[in-house]
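The residues making up each chain are set out below.
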There are 2 protein chains.
Amino acid sequence: MKIGELAKRTGCKVVTIRFYEKEGLLAAPERSGGNYRVYSLEDWERLEFIMHCRKHGMKLGEIRKLLAFRDHPRSDCTWVGELIDEHIANVDEQIKSLEHLKLHLEQLRRRCAGGQDGENCGIMASLKHKGECCASCPRCVVETIGE
Amino acid sequence: MKIGELAKRTGCKVVTIRFYEKEGLLAAPERSGGNYRVYSLEDWERLEFIMHCRKHGMKLGEIRKLLAFRDHPRSDCTWVGELIDEHIANVDEQIKSLEHLKLHLEQLRRRCAGGQDGENCGIMASLKHKGECCASCPRCVVETIGE
DNA sequence: CTTTACTCTATAGTAACTATAGATAGTAAT
DNA sequence: ATTACTATCTATAGTTACTATAGAGTAAAG
């Protein structure tokens, strides 16, 4: 299987496959007579593993560790669960932060309905100061104190 | 006002201020005898504007446009509101995506309670395939069709 | 006068790719 | 056999918004 076929089967771009090789996530595969990369089914499976990890938002460094564990699966797997826990906490934090941001943006949006010039646009004016909600919403208060 | 003081007043790091200057968001300020940057109150306000935009998740390119508009506020501001709308849509999409990811991660987490080796860890096993939910949850079905 | 803190420039590194240029290989049609 | 087209190869640079580092000059305090 050449790189293009592997790309098609996995949905991973050709350049990205080469990139993963350079990064040491995939081993350098066999080469054909014409110096083309030739992949095995194990390579395919390994790439799928990598891609599923990526879909779960894992970093390449973390995936490297998981692959190493996969290659030498002797020791205790507890850290794997903890890694997932960390990710969940992380994702949670991101969601909260984005929801908060959304509030601010919606508030900002209401400041101008358009059709003004820059001097009279409420959005432009609001971008000079902190949002109105900052004094009252807990997230902003914490951020303000933290400054 | 030297760069350190501006940094303290705004909460923006010294290096970041210099970076914004290099990127053309802040004009190159006056220099003191000893070649130190000297900032005015206008510079301060401009930096605050930039930082508030950043807090709203705007990209430097977008901020550049907003600053240009601020500098020449003749024309119609409608695009500013549309820009905010785009951001809101964007943030919404990110939230949905993260909530979906969280589901997957929680499902993954339940596959192993730890104390196994790599061969018997349900998380490691699950990372070889797509998550269970993929056949039933709308987001995954769409992604699967898209492949 | 020395120490300490601040500032300067220039360069490289971060994450995870993406894009580009130029060369080579394989395949299909003429 | 020639042409055209596609896939592959390598190496390098660009992306975003900073961050880190090195090495040197400046200012303020003791």
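Residues numbered from 1 in each chain as written. Chains lettered and ligands numbered in written order. Predicted model: local features only at pLDDT ≥ 70, side-chain atom pairs only at ≥ 80, totals over all residues. Heavy atoms only, no water.

Observations regarding the interface of chain A and chain B
Size of an interface, as often reported, equals the accessible area lost when the parts are brought together. Counted only if it meets this: For this analysis, residues touch if any pair of their heavy atoms sits within 4.5 Å. Buried area is a sum: the accessible area each of two parts loses on coming together, probed at 1.4 Å, counted once for each and added. Throughout this description, the term salt bridge denotes a Lys or Arg side-chain nitrogen within 4 Å of a carboxyl oxygen of Asp or Glu. Polar contact is the term for a pair of N or O atoms within 3.5 Å; when the atoms are in protein, one must be able to donate a hydrogen and the other to accept it, and sequence-neighboring residues count only if both atoms are side-chain atoms. In this text, helices come from DSSP runs of H or I with a minimum length of four residues, and strands from runs of E with a minimum of two, each type numbered from the N-terminal end. Ten residues, namely Ala, Val, Leu, Ile, Met, Phe, Trp, Tyr, Cys and Pro, are considered nonpolar, four, namely Asp, Glu, Lys and Arg, are considered charged, and the remaining ones, Gly among them, are considered polar.
Counting residues at the interface gives 53 residues for chain A and 53 residues for chain B. On the chain A side of the interface with chain B, the three residues burying the most area are His-56, Met-124 and Leu-127 of chain A, jointly 15% of the side's total. Viewed at the interface, chain B and chain A are joined by 4 salt bridges. When the shortest N-O distance is used, the salt bridge between Lys-102 of chain A and Asp-92 of chain B registers 2.9 Å. Along the contact surface separating chain A from chain B lie 16 residue pairs in polar contact (both at pLDDT 80 or more). In terms of residues, the side of chain A that touches chain B owes the most to one element, helix H5 (residues 78-109) of chain A, which gives 21 residues. Looking at the side of chain A that touches chain B residue by residue, the class counts come to 21 nonpolar, 14 polar and 18 charged.

Quick word on the domain arrangement of chain A
All names here are of chain A. This is how it is decided: The start and end points of each domain follow an automatic or database-based domain assignment.
In terms of domain boundaries, chain A breaks down into domain 1 (3-71) and domain 2 (78-146). Placing a centre on the C-alpha atoms of domain 1 and another on those of domain 2 gives a separation of 37 Å. Opposite the 7 residues of domain 1 that make contact, domain 2 presents 5 residues. Contact between domain 1 and domain 2 buries roughly 500 Å² in total, counting both sides, with carbon and sulfur atoms accounting for 78%. Our enumeration of links across domain 1 and domain 2 arrives at 0 salt bridges. Viewed at the interface, domain 2 and domain 1 are joined by 1 residue pair in polar contact (both at pLDDT 80 or more). Its residues assigned to classes, the side of domain 1 that touches domain 2 comprises 3 nonpolar, 2 polar and 2 charged.

Notes on the protein's contact with DNA strand C
Selection criterion: Proximity criterion: a residue is near a molecule or strand once any of its heavy atoms comes within 4 Å of it.
Around DNA strand C, the structure places 17 residues, and the nearest of them are Tyr-20 and Arg-54 of chain A together with Gly-4, Arg-18 and Arg-37 of chain B. One of the side-chain nitrogen or oxygen atoms of Tyr-36 of chain A is found 3.2 Å away from a sugar or linking oxygen of DNA strand C. One of the backbone N or O atoms of Arg-37 of chain B is found 2.6 Å from a phosphate oxygen in DNA strand C. Going through the elements one at a time, helix H2 (14-22) of chain A together with helix H1 (3-10) of chain B are the ones with two or more residues in the surface near DNA strand C.

Some thoughts on the relation of the copies chain A and chain B
Note the following rule: Here the copies are superposed with least squares, the fitted atoms being C-alpha atoms of residues at a pLDDT of at least 70 in both.
For the match of chain A to chain B, the screw axis carries a shift of 0.0 Å, the RMSD comes to 0.1 Å, and the turn is 180 degrees. In short, the pair behaves as if placed about a two-fold rotation axis. Identified as the residue of chain A closest to the rotation axis by C-alpha distance is Ile-95 of chain A, at 2.9 Å. Comparing contact sets, 100% of the residues at the interface of chain A also lie at the interface in chain B, consistent with an isologous, same-surface contact.

A few points about the protein's contact with DNA strand D
Near DNA strand D you find 17 residues, and of these Gly-4, Arg-18 and Arg-37 of chain A together with Tyr-20 and Tyr-36 of chain B are the closest. In the interface set of DNA strand D, defined as its atoms within 4 Å of the protein, sugar plus phosphate atoms amount to 82%. Arg-18 of chain A is positioned such that a nitrogen or oxygen atom in its side chain is 2.6 Å from a phosphate oxygen of DNA strand D. A distance of 3.5 Å is found between a phosphate oxygen of DNA strand D and a backbone nitrogen or oxygen belonging to Leu-60 of chain B. Elements supplying a minimum of two residues to the surface near DNA strand D: helix H1 (3-10) of chain A together with helix H2 (14-22) of chain B. With 3 residues, the top contributor of residues to the surface near DNA strand D is H2 of chain B. Classifying every residue of the surface near DNA strand D by side-chain character gives 6 nonpolar, 4 polar and 7 charged.

So, the packing of helix H4 (residues 60-71) of chain A against H5 of chain A
To describe two helices that pack against each other, one gives the angle between their axes and the distance between the axes. Residues and elements named next belong to chain A. Cut-off, in case you're wondering: Under this scheme, a helix contributes an axis fitted over its contacting stretch, all axes are lines through C-alpha atoms, and angles between N-to-C directions fall in the 0 to 180 degree range. Under this scheme an angle from 65 to 115 degrees is roughly perpendicular, one under 35 degrees roughly parallel, and one over 145 degrees roughly antiparallel; angles in between are oblique. The crossing is said to be left-handed when, going from far helix to near helix, the turn is anticlockwise and less than a right angle, and right-handed when the turn is clockwise.
Close contact between H4 and H5 brings their axes to 12 Å; oriented N to C, the two are set at 160 degrees. Regarding the angle of H4 to H5, the classification is roughly antiparallel. Here the hand of the crossing between H4 and H5 comes out left-handed. Seen from H4, the contacting residues are Glu-62, Lys-65, Leu-66 and Phe-69; seen from H5, they are Trp-79, Val-80, Leu-83 and His-87. Here the residues of the contact of H4 with H5 are counted per class, giving 5 nonpolar, 1 polar and 2 charged.

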